[in-house]
Structures are given as structure tokens and as C-alpha cells.
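Spelled out, the chains give:
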Amino acid sequence: MTTDITIIGAGLGGLTLARVLHLHGIASTVYEAEASPAARAQGGMLDIHDYNGQLAVRAAGLMDEFEALVLEGRQAMRILDRDGSVLLDKADDGTGGRPEVQRAELRQMLLDSLPAGTVRWGRKAAGVRALGAGRHEVAFADGATAVTGLLVGADGAWSRVRPLLSAATPEYTGTSSVETYLFDADTRHLAAAKAVGGGSMMAPSPGAEIFAHRESGDTLHTYVMLTRTQDWFAAVDFTDPAAARARIAAQFDGWAPELTALITDGDTAPVLRPHHTLPIAHRWDRVPGVTLLGDAAHLTAPNGEGANLAMLDGAELGQALAAHPGDTEAALAAYERAMFPRSAEAASEGVHMHELLNGDDTPQALIAAFLDGEAAS
């Protein structure tokens, strides 16, 4: 294949695509807005599923490297009531299909697998335009431009590439997360650490949930989910961490102190993460020379599938391009034909999960769904 390939975004999906292309002898260039791999924190834990994310890792030829990153015991999961009582406690017996890794380490694994110079750092895409005959020009914020025969938008929720294909824009779901971290949890935050256990913990209730993961280095990473308007969150002064913690914790009045401590005792300033989504069945007509993957293609509220789907998108797009040498359009059509229904199904399942979290019988409905899923697996 002689078509030059430009990937916008060095997230997990874009890097997986670049890696799979490299394995098939196909060069690509990845442009990333961040100045370096260490420019910002890359988020917390990811469970990489055996039915999508791990398929991508295998396609990238990196299973040994991936398995070396897995944090043992982190597939343990518990569901707590708001009073701290344990409603479900599942140990990690080593047979689960969703091993946990740190996102930053997974990204670095992919970066290390690429030839030097594949990723061009500090290149923020400011706009794109079609040149005809399937070629496109990318304009960067620093004034540079790049012309390409195949443009892949792996640039997330607010993709600059998406408008070439679709007029859809992300809409606020009505729910946001607030993230906090507790460090040295087993010595400095013992009650919270006991509540979370050895893996992940969920304390759901309608409109207000607390989720936490035990990460590496004795760290607890908490996601507080609240169903509130954007105006409500705008009134919270996140420049004053103590005031913001107090405002968020007030939404959990009467909850067990070991749970609210995950908010009030945070060792980092709370960070707001609004949740946005594209239409569940988002798709587009085939446009020569351009496609999307990951959140750029099928953004949803957090449902545990986003990173996995992005990686699988990248792997399958790379395989499709390798399988159709000299016929980029056939490759893109084959990729999109599989990606559209897969992402729509995952989005629908995510909506169902959020309905369970906000239903009148939460958390019992969530436990029932979990046990049903175990029985079916």
C-alpha cells in the first residue's frame, strides 16, 4: 500500500492502529496535541476485556507485554449500600476475563512498540479540509499543515476530523464525574481502604454513586457520579479544593463515613469530568479517504467499553487496510461495516446500565444484572 496514512490522536485507539499497520509493513504518522508522553496524567485503571480489548492486543502482537502490566487481584469487585454494608463481594480467583492495567502503562506499551518518529508530539489539529480525490489537508495550531491520502480521526470526543463525515456533536448526558485520589490508603485512609477492598467498589443510588478502584502503589482512585445540570456544576468552585469537596460530599449526606471519606479526604484536588455522548446509532455515509475510530466515532457515557472499543477499532482498521492493498475504500467500507453495529450495541448496553444505576431499585437491580451476567458467561 502506497497511500500515506495520517492518524490524528495518540490515544489507545490511534496507537493500536499505528502498531497493527507497522506489523503489516505499512507506515503511518500519528499527530498528537500533547507535547510529550508525560505531558499529563493518563487516567486510572482500565479493565481490558477478552472479547474486544484483548483481541486488539493480540492483533498488535503484544500479549506478553500486556500480561506483564496486569495488576493481580484487581478483578475483585464489591457492591456496597450507602450505609457501608456489603451487598456483593466477588473475589478475584484468576479466571475473570477483564484484567486491570494502568492506562498510562498500556499507552506506553503501545508507544514503545512503534518505530521512532511515528508520533509527532505538540501538533494540535486546528482544522481539516478536503482537497478532492480522497485527499485531505490538516492544519495545526502551530501553523504547519499536512496533506494525506488517508486521514483517521482518533482524536476523541471533540474530534476535528468528525465534521468531514458527520454533523453530529456531543451532547451532555446529564451526569458528570468528580475524580479524587487517596494515597497510601492502607496506612493513611484505613477505613476507606477497607470499604473498597482489593479491587473495585460500587456504592450506587439514584442520581448519586460512588465508585472506587484500588490502583497500583496503594492508591484509591474514586469517581463520584452525580446526575446534575451543567449549571449546578458550574456553581461549584473547583479552584477551591476544600470547598468543592464539601459541596460534592454534601450530596451524600447520611452515607457511611468510610464512603464519604473517599471524597472529603482526597489527597488531590477534585477534577470535574462531564459526560457527553453522540447518538447511539451514530454513523455516516462513506466519504473517500477519511474515517473515525474510538470516541471520535462513537462517544458514550462511561460504561467500561470505551478504551476497549477504541483499541479494537484501531486493530480492525489496520487489519482491513492490510487485507485490501491498493484499495483503501474497500478497506474503510469493511471496517465501518463491522464497527457501526458493534459500537451501537455497546452504547445501548451502556444506556441500560445507567438506567439500572438510576432506577428505584438500585443497587438490587445492579446486583441481579451482575449475577445474571455471571450465569450466562
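Please refer to the structure higher up on the page.
Scope of this entry: the structure provided in the associated data block. (Residues numbered from 1 in each chain as written. Predicted model: local features only at pLDDT ≥ 70, side-chain atom pairs only at ≥ 80, totals over all residues. Heavy atoms only, no water.)

Within the secondary structure, isoleucine 367 sits in helix α13 (residues 364–376). Taking the C-alpha atoms as reference points, isoleucine 367 and leucine 88, separated by 279 residues in sequence, lie 7.2 Å from one another. The residues contacting isoleucine 367, other than those within four sequence positions of it, are Ile79, Leu87 and Leu88. (Helix = DSSP H or I, 4+ residues; strand = E, 2+ residues; numbered from the N terminus. Contact = heavy atoms within 4.5 Å.)

With antiparallel pairing, three strands are arranged side by side in an open sheet as β8-β9-β10. Two strands bound the open sheet, and with one partner strand each, they are β8 (125–132) and β10 (145–148). The mean inter-strand angle of the sheet, taken between neighbouring strand axes irrespective of direction, is 20 degrees. (Pairing = 2+ DSSP bridges. Axes fitted to C-alpha atoms, helices over the stretch in contact; angles between N-to-C directions.)

In this section: the nonpolar core. In terms of nonpolar packing, the biggest core is built from 58 residues, with Ile7, Phe66, Leu106 and Leu317 touching the most fellow members. Sequence-distant contacts of phenylalanine 66, that is, excluding residues within four places in its chain, are made with Ile48, Gln54, Val57, Pro99, Val101, Leu106 and Met109. Counting residues in hydrophobic clusters, the runner-up holds 28 residues, among them Ala185, Ala195, Ile248 and Phe252. (Core = buried A, V, L, I, M, F, W, Y, C linked by side-chain atoms within 4.5 Å. Buried < 20%, exposed > 50% of the residue type's maximum accessible area, 1.4 Å probe, protein only.)

Turning our eyes to something else, we now look at helix α8 (residues 241–249). Every buried residue of α8 is listed here: Ala244, Arg245, Ile248 and Ala249. Mapping the buried residues of α8 onto a view down its axis gives an arc of 130 degrees, with all of them on the same face. Structurally, α8 contributes buried residues whose contacts are with β12 (171–182), β15 (219–227), α7 (230–234) and α9 (257–264). (Arc of directions from axis to C-beta.)

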